[in-house]
Amino acid sequence: MNCGTQRSEEERNQNHREIELAFLFIKEPIIAITGTNGKTTTTTLIGEIFNKAFGDVFVGGNIGTPLIRYVTENRKTSHIVLEMKQFSA
């Protein structure tokens, strides 16, 4: 395994742990977008639709604000829309 691959796995594991930790504290409905292509566009579009329909919506994850910051800032919104990398076991 080369250093680039190892670093990538470490970053993925760190991101995975942060998301799992954040999930423990979140009660709001979460819409998580994964996949190969179009995640950012889809996340942004769904965020805009939910903002119009429900008011204040958190849009983040791999775009914008990390989910863990939503928790540490004690934010409360009607829904959470996340762009997420896919994780493999």
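These remarks concern the structure in this document. (Residues numbered from 1 in each chain as written. Predicted model: local features only at pLDDT ≥ 70, side-chain atom pairs only at ≥ 80, totals over all residues. Heavy atoms only, no water.)

### Re the overall build of the chain
Now for step 1: Within the chain one finds three helices and three strands.
Now for step 2: Going residue by residue from the N terminus, the α and β elements of the chain occur as α-β-α-β-α-β.
Now for step 3: Of the contacts formed within the chain by residues at least 6 apart in sequence, a portion of 54% connects residues at least 24 apart.
Now for step 4: For the chain, the accessible area works out to roughly 6,000 Å², and carbon and sulfur atoms hold 52% of it. (Helix = DSSP H or I, 4+ residues; strand = E, 2+ residues; numbered from the N terminus. Contact = heavy atoms within 4.5 Å. Areas by Shrake-Rupley, 256 points an atom, 1.4 Å probe, with all protein chains shown as cover.)

### As for a nonpolar patch on the surface
Now for step 1: A cluster of nonpolar side chains, contributed by Leu21, Leu24 and Phe25, occupies part of the molecular surface with about 330 Å² of accessible area.
Now for step 2: If you trace the backbone, Leu21 turns up in helix H1 (residues 3-25).
Now for step 3: Judged by its relative accessible area of 42%, Leu21 falls in the partly exposed class. (Patch = residues over 30% accessible without salt bridge, like charges linked within 9 Å, V, L, I, M, F, W, Y side chains within 5 Å. Salt bridge = Lys/Arg side-chain N within 4 Å of Asp/Glu carboxyl O. Buried < 20%, exposed > 50% of the residue type's maximum accessible area, 1.4 Å probe, protein only.)

### Quick word on the side chain of Thr43
Now for step 1: Positionally, Thr43 belongs in helix H2 (residues 39-54).
Now for step 2: For Thr43, the contacting residues outside a window of four places in its chain are Ile33, Val59, Ile63, Val81, Leu82 and Glu83.

### A word on the sheet that holds strand S1 (residues 30-33)
Now for step 1: The strand order across the open sheet formed by three strands is S1-S3-S2, and the pairing between neighbours is parallel. In this open sheet, the two strands that pair with only one neighbour each are S1 and strand S2 (57-61). Sheet twist, expressed as the mean angle between neighbouring strand axes with direction ignored, is 15 degrees.
Now for step 2: Sheet topology places S2 next to strand S3 (residues 79-83); five bridges connect them, and they run parallel. Looking at the pairing, Gly61 lines up with Glu83 of S3. (Pairing = 2+ DSSP bridges. Axes fitted to C-alpha atoms, helices over the stretch in contact; angles between N-to-C directions.)

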